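So you can see what is in the structure, the chains are spelled out below.
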Amino acid sequence: MWIGFSLLMPDCFSLSFLKDLHWCGVCMSVAPPHPHTNTDSFQEELVVRPLHSGDIYASFQFRTVWEADFSRGNKVSHYQLFPKSLGQVISKFSVRELHISFTQGYWRTMQWGQPFLPSPPGAELWVWFQDSVTDVDGTWKELTNVLSGIFCASLNFIDSTNTVQPSAAFKPLGVGNVTDHRFLRYATLPREIVCTENLTPWKKLLPCGSKAGLAVLLKSEKLFHSSFHSQAVHIRPICQDQRCKSTSLELRQTLNAVFDLHTSGQAKREWSLFKMFSRTLTEACPLASSSKIYIDITDNSQGEQFELSPASSLLSQAVVLGDRRTFSVYDLTDQATFGSTRSLNLLIRDMLRPLLHAERYVAGYGLQTGEIHTVMYNHHPYRSFPVLLLDSVPWYLRLYIHTLTVTSKGKENKPSYIHYQPSKDRLRPHLLEMLVQLPPNSATEVTVEFERALLKWTEYTPDPNHGFYVGSSVISSLVPSTVATNTSITQEQPLFSSFFPCKEELSYFVRVYTEPLLVNLPTPDFSMPYNVICLTCTVVAVGYGSLYNLLTRSFQIEEPSPGLAKRIANVIRRMRGVPPL
Amino acid sequence: MLAILLTDSAGQFFSSGHTNNWAVLVCTSRFWFNYRHVANTLSVYRSVKRLGIPDSHIVLMLADDMACNHRNPKPATVFSHKNMELNVYGDDVEVDYRGYEVTVENFLRVLTGRLPPSTPRSKRLLSDDRSNILIYLTGHGGNGFLKFQDSEEISNVELADAFEQMWQKRRYNELLFIIDTCQGASMYERFYSPNLMALASSQVGEDSLSHQPDLAIGVHLMDRYTFYLLEFLEDIHPASKTNMNDLFKVCPKSQCVSTPGHRTDLFLRDPGSVLITDFFGSVRKIEITMETINLTDPIKQMEENSGNDVQTENNTYVDQLPVSEIIHQKPKQRDWHPPDGFILGLWTLILLVFFKTYGVKHLKHVF
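Remember, it's a predicted structure, so these values are computed and weren't measured experimentally.

**Student:** An account of the overall build of chain A is requested, with residue identities and associated values reported.
**Tutor:** Scanning chain A from N- to C-terminus turns up nine helices and 26 strands. Out of the 581 residues in chain A, the part that is buried amounts to 55%. Put simply, 77% of the contacts in chain A that link residues at least 6 apart link residues at least 24 apart. A total accessible area of about 26,000 Å² is found for chain A, and carbon and sulfur atoms account for 55% of it.

**Student:** Kindly report on the pattern of salt bridges, identifying the contributing residues and their values.
**Tutor:** For the structure shown, the criterion picks out 27 salt bridges over all chains. A salt bridge links Lys49 of chain B to Asp92 of chain B; the nearest nitrogen and oxygen atoms lie 3.7 Å apart. Of this pair, Lys49 of chain B sits in helix H2 (residues 35-50) while Asp92 of chain B sits in the loop between strand S3 (58-62) and strand S4 (97-98), placing them 43 residues apart in sequence. With its nearest N and O atoms 2.9 Å apart, the salt bridge here joins Arg263 of chain B to Asp265 of chain B. The buried category is assigned to Arg263 of chain B, whose relative accessible area is 15%. Accessibility expressed as a relative area gives 56% for Asp265 of chain B, which makes it exposed. A network of salt bridges, in which partner residues are shared, links Lys204 of chain A together with Lys49, Asp55, Asp92 and Glu94 of chain B.

**Student:** A description of the UniProt feature "transmembrane region" (unreviewed entry) in chain B should follow, citing residues and the corresponding values.
**Tutor:** Sequence positions flagged by UniProt for "transmembrane region" (unreviewed entry) are, in local numbering, residues 341-359 of chain B. Taken as a whole, residues 341-359 of chain B contains 95% helix and 0% strand, while its terminal C-alpha atoms sit 26 Å from one another.

**Student:** Break down the state of the cysteines for me, citing the residues and quoting the values.
**Tutor:** Applying the stated rule across the entire model yields four disulfides over all chains. A sulfur-sulfur distance of 2.1 Å marks the disulfide that ties Cys195 of chain A to Cys68 of chain B. On the S-S bond that ties Cys195 of chain A to Cys68 of chain B, the torsion sits near 80°, and the link is right-handed. On the criterion of chain membership, the pair formed by Cys195 of chain A in the loop between strand S7 (184-189) and helix H5 (196-204) and Cys68 of chain B in the loop between S3 and S4 is interchain, its members lying in two chains. Each member of the pair, Cys195 of chain A as well as Cys68 of chain B, carries the same accessibility label: buried. The disulfide bridge from Cys251 of chain B ends at Cys256 of chain B, spanning 1.8 Å between sulfur atoms. Because the sign of the S-S torsion sets the handedness, a value of about 100° for the bond joining Cys251 of chain B and Cys256 of chain B places this disulfide among the right-handed ones. Residue classification places Cys256 of chain B among the buried residues on the basis of a relative accessible area of 1%.

**Student:** I'd like a rundown of the sheet that holds strand S9 (residues 174-180) of chain B, residues and numbers included.
**Tutor:** Residue and element names in this part refer to chain B. Pairing is mixed across the open sheet formed by seven strands, whose spatial order is S4-S3-S2-S5-S9-S10-S11. Either end of the sheet is taken by a strand with one partner, and the two such strands are S4 and strand S11 (261-263). Helix-sheet contacts for helix H4 (residues 156-168) involve strand S5 (131-138), S9 and strand S10 (196-200), and the interaxial angle to S9 is about 160°.

**Student:** Go over the UniProt feature "active site" (unreviewed entry) in chain B, please, and point to the residues and values.
**Tutor:** Residues and elements named next belong to chain B. Within this structure's numbering, the places UniProt gives as "active site" (unreviewed entry) are His140 and Cys182. A stretch of 43 residues holds the annotated residues, and the largest C-alpha distance among them is 6.4 Å, short enough that they meet in one place. With respect to the element layout, His140 can be found in the loop between S5 and strand S6 (141-142). The exposure class assigned to His140 is partly exposed, which follows from its relative accessible area of 27%. For His140, the residues in contact, after removing those within four places along its chain, are Thr28, Ser29, Asn34, Arg36, His37, Leu146, Lys147 and Thr181. A distance of 2.9 Å separates polar atoms of two side chains, one belonging to His140 and the other to Asn34. Assignment of secondary structure puts Cys182 in the loop between S9 and S10. Residue Cys182 is classed as buried on the basis of its relative accessible area, which comes to 19%.

**Student:** Outline the environment of Gln317 of chain A, listing residues and values.
**Tutor:** All names here are of chain A. Checked against the element boundaries, Gln317 lands in strand S12 (residues 315-320). In this structure the C-alpha to C-alpha distance between Gln317 and Trp140, which are 177 residues apart in sequence, comes to 41 Å. Contact partners of Gln317, with chain neighbours within four places excluded, come to Arg324, Arg325 and Thr326.

**Student:** I'd like a rundown of helix H2 (residues 84-92) of chain A, residues and numbers included.
**Tutor:** Each full turn of the α-helix corresponds to 3.6 residues, which orients residues three or four apart in the same direction. All names here are of chain A. All of the buried residues along H2 are Leu86, Gly87, Val89 and Ile90. Take H2 and look down its axis: the buried residues cluster within an arc of 160°, on one side only. Taken together, the buried residues of H2 touch strand S4 (95-104), helix H4 (136-151), strand S8 (228-239) and strand S9 (247-259). Following H2 by one or two positions, Ser94 has its phi on the positive side, about 50°.

About the cut-offs
- Residues numbered from 1 in each chain as written.
- Chains lettered and ligands numbered in written order.
- Predicted model: local features only at pLDDT ≥ 70, side-chain atom pairs only at ≥ 80, totals over all residues.
- Heavy atoms only, no water.
- Helix = DSSP H or I, 4+ residues; strand = E, 2+ residues; numbered from the N terminus.
- Buried < 20%, exposed > 50% of the residue type's maximum accessible area, 1.4 Å probe, protein only.
- Contact = heavy atoms within 4.5 Å.
- Areas by Shrake-Rupley, 256 points an atom, 1.4 Å probe, with all protein chains shown as cover.
- Salt bridge = Lys/Arg side-chain N within 4 Å of Asp/Glu carboxyl O.
- UniProt positions renumbered as here; feature names shortened; annotations may be inferred.
- Disulfide = S-S within 2.5 Å.
- Pairing = 2+ DSSP bridges.
- Axes fitted to C-alpha atoms, helices over the stretch in contact; angles between N-to-C directions.
- Polar contact = N/O pair within 3.5 Å; in protein donor to acceptor, adjacent residues only side chain to side chain.
- Arc of directions from axis to C-beta.

Here's what the structure looks like:
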C-alpha cells in the first residue's frame with residue numbers, strides 16, 4: 001500500500017546566489033561576541049513522523065542557549081536572541097526552572113505512540129524557584145499574573161485552590177543539586193482554551209519571529225484544525241559541556257501537532273508541508289546555528305518503497321523513547337537543500353507498541369457521590385516497573401481516602417510510598433502521590449470514592465451546567481527499553497531526543513497524562529431568587545394590601561354627577577335665585 | 001501610520017488636543033449562539049488596529065472563545081460576512097481578558113485603573129489626561145442595563161459614575177462610547193461628565209437586530225449596526241478627513257430596522273470638527289527638524305569578576321524517579337500547633353462535668 005508524503009519546496013536555484021550575499025550581509029551585521037556580553041545560540045528543528053492510523057505528527061523545537069547565570073542575582077541588561085520578557089521574569093522572580101504548556105486536545109497514546117514531550121489538556125505550569133526565595137507562595141502568585149499577560153491566557157486563575165506542592169514527582173529537569181520540594185509549585189487549568197491569541201505572543205518570543213525559518217509554517221488556521229495541538233515553553237539550566245563545570249540557561253519552545261487524516265488530509269495518505277501548514281519553506285532563520293528537518297523513515301529500512309523528494313543523503317539514527325529510529329535529515333542552512341520539487345512516499349508499518357498508558361474515568365450515578373477510577377496498563381511481557389502517580393483533585397470533590405484501593409490482576413497491590421495531603425475547603429486541593437509497582441502485562445486500577453460539595457452561589461461559574469473540570473493525573477515512570485539510550489547529553493544530539501536527562505542506559509523516563517474529568521456538581525436553579533421576589537411581592541401586594549385598604553379606607557357618599565340638561569338648568573336657576581334641583 | 005503636516009498649519013496641528021489613543025473593546029456574551037457579539041467586537045478591533053492603534057493600547061475583552069470553539073467548522077476563524085469572506089480574527093490577535101475574566105468588576109477596574117499591583121501591563125488602561133479613548137460594548141442589554149455573561153449586569157448609573165471617576169482622575173481627554181445592544185440608548189442617558197460622546201444602535205423600547213446567518217456555521221454572524229459600521233470603517237484610512245457627522249449617519253432606519261441614536265451635548269467640540277481617526281486611529285503627528293542632537297557616550301559594561309564565579313564542583317542532572325530515595329523519604333516534620341478552641345473546649349467540659357458529679361475530693365486520686 002502506498003502512502004504518499006511530499007516535501008514541497010520552491011525552486012530557488014536562480015536566487016541562490018543572491019541569497020548567499022544576503023546571508024553574508026546578515027553575518028556581517030551581527031557583531032562578534034563582546035568579551036563582556038553574554039553569548040547565545042539558537043537552533044531550530046522539525047520532526048515529522050507518520051503515525052500508524054494515517055495521521056501525521058509534527059514536532060517543532062526551537063532552542064536558545066544563553067551563557068548567563070541568574071543564580072547569583074546578576075543583573076543582565078543586554079539581550080540578543082533570548083527574549084527580554086522571559087529574561088526579566090526569570091531574574092525578577094528568581095526562577096530556576098519554568099515549564100508551561102498550552103494544549104488543545106488529548107494525546108491518544110494507543111493510536112499515536114508516545115509524544116516527544118507530553119502535556120495535559122489545558123494549561124499546565126510548574127516552576128522550581130531558587131533557594132534564595134523567602135515567600136514562595138507570594139512569588140508564585142505574582143509570577144502567574146505576569147505570565148498571564150505575556151501569553152494572553154487566564155493564568156491568573158491559578159491560586160491556592162489549584163496549586164499543589166508534589167513531594168516526589170516533577171524533579172528538576174535541569175542541572176543542580178538542590179531538590180528541596182518546598183521550592184516547587186505545580187498547577188494545572190484543564191478548562192483553559194488555546195487559540196491564536198496564545199500562539200501570537202509565543203511566536204513573538206522566537207528570534208526570527210514568524211518571518212523566517214521553520215516558524216513560517218506556523219499558521220493558525222491549519223494548526224488549530226488538528227486533532228492535537230500543544231505549545232510549550234521550557235526554561236532550565238543545562239551543562240555547557242561534557243565536564244559540566246558551568247551552566248547556561250536553555251529556553252526550549254516546542255510545538256506539537258497531530259493532523260488528522262480525514263479533516264486535514266482529505267482522507268488521502270499523501271502528506272506534504274503545504275498540505276499540513278499551507279506554507280512552504282524558503283530559507284532558514286539567519287540567526288540559527290542549525291536548522292534541520294527530520295523525517296522518520298524507520299519503517300522503510302530497505303529503501304525500495306521510498307520516493308523521498310527531495311532525497312537527502314543525510315541519515316541519522318537516534319534512540320528516542322526506547323526505540324532506535326532512523327531519520328532522513330534536511331539541513332536548511334545548506335543551500336543545496338532547496339532544490340526543485342519532488343515528492344516523497346512512505347509506507348507505514350507497525351510501530352513499537354507503547355509500554356505504558358493510562359486512562360481515568362468517573363463512575364457512579366447521581367449528584368451526591370461518585371468514584372474516580374484510574375487504570376494504568378503495563379504492556380511489557382515480562383518486566384515490571386515502578387510508576388509514580390500524582391493526583392490533584394479540587395476541594396469540592398471530597399475524597400474518602402479510606403476507600404482507596406489499588407488492585408492489579410485481581411489482587412491488592414500495596415504502594416511502596418504514599419503521600420497524601422487532605423484538602424481544606426476553599427484553600428487547598430487534595431494531593432495524592434503514590435509509588436506503585438506495575439506487574440508485567442497487567443492493568444492496575446486505582447479507585448477512590450468521593451462526595452460532591454455544595455458550593456456557595458457566588459462561587460459558581462456563569463455556565464455551571466457545563467460541569468467542573470478535574471485536572472489530569474500525571475504518571476511518571478522509568479520504562480525499561482530494549483535499546484541502550486545515550487546517557488551523555490551533548491550539543492550534537494538532535495533536540496527531540498535530548499530533553500529528559502537519563503542516568504541509566506537500560507530505561508528511559510516517560511510521563512503520561514490521563515484525561516481530565518468533567519463532573520457535575522449539584523447546581524441550584526439560578527432563576528429562583530427572581531421567582532421568589534416576584535411571588536413574595538405579589539403575595540404581599542394582594543394579601544396585605546387588600547387588608548390594609550379594608551381597614552384604613554373611609555367611605556364617603558357621593559352624589560352622582562347630573563346630566564348635561566340638569567347642569568344647564570341648575571345654572572339658570574342659580575341666576576334666577578331659585579334653589580337647584 | 002504617520003500624518004506629516006507642514007509647520008505653517010500649526011493651529012490645525014494641535015486642534016484635537018490628544019496625544020495618544022486607547023481602545024477598550026468588550027464583548028459580554030457567552031455561548032455559541034452569541035457568535036455575533038464576538039464578531040462585532042473583533043471587527044472593531046480589526047479596524048482600530050488597521051488604523052494604527054497598537055495592541056499595547058487596546059484592552060480586548062471577549063467573554064467566550066468562538067474561534068477555537070469545538071462547534072466552529074472552521075477553527076481559528078471568526079467571520080463577519082457570510083460565505084466566509086472576511087476573517088476578522090486574523091493571525092495576529094491578543095485578547096487581554098477572556099472567558100470568566102470578563103466581569104463587571106474587572107471592566108470597572110480597567111476603566112478606573114484600580115487594579116491589583118500584580119496585573120500585567122497588557123491588562124491595564126494606562127491612559128492620561130491627553131488620551132482619547134474609544135469604548136465599545138456589545139452584548140445583550142435592556143432598559144438601563146447591560147448583561148455580562150448571563151450572570152450579572154452593569155447599570156447605566158454605574159457606567160456614568162465610572163466615567164466621572166475617570167474624569168476626576170484625569171484619565172481621558174475625550175471619550176467616545178459606542179454600544180450595540182437592545183435598547184442601547186438607555187445606557188448613555190445618565191452620563192454627566194464632560195467630553196463624552198455616545199452612540200447607540202437602538203433607542204429605548206427598540207431591539208437591535210442581527211444581520212445575516214451563515215448556513216455553514218449555523219449562527220448569525222454580525223449585528224446590523226456593527227456590520228454597517230464595519231463597512232463604513234473599511235473606507236477610512238489614516239489620512240482621511242471624515243468626521244463624526246458621517247458616523248452618526250451610519251445605519252439609518254431602513255438598513256438597521258432600529259433607530260441609532262447619539263448624544264453630543266457633553267462634548268465640548270463641534271462633532272463636525274472631530275475626525276474619525278481621532279478615536280479609531282492613532283495618528284501620530286511628527287515634526288521634521290534639521291538640528292543635530294549630541295548623544296551621550298555609551299555606558300561601559302562593568303568588568304565581571306569571573307574569578308569567583310567558576311564552580312569547582314561538577315554539576316549533575318537529577319535522577320528523575322529515584323525509587324529508593326522516594327520509598328525511604330522521611331515524612332515532612334509538621335509544625336506543632338497548640339490544640340485549637342474546639343478540642344480545648346471539649347476537654348474543659350469533660351473535666352468540669354466529671355468534677356461536678358464526683359466532687360473535688362477525687363482530684364488527689366486522679367493526679
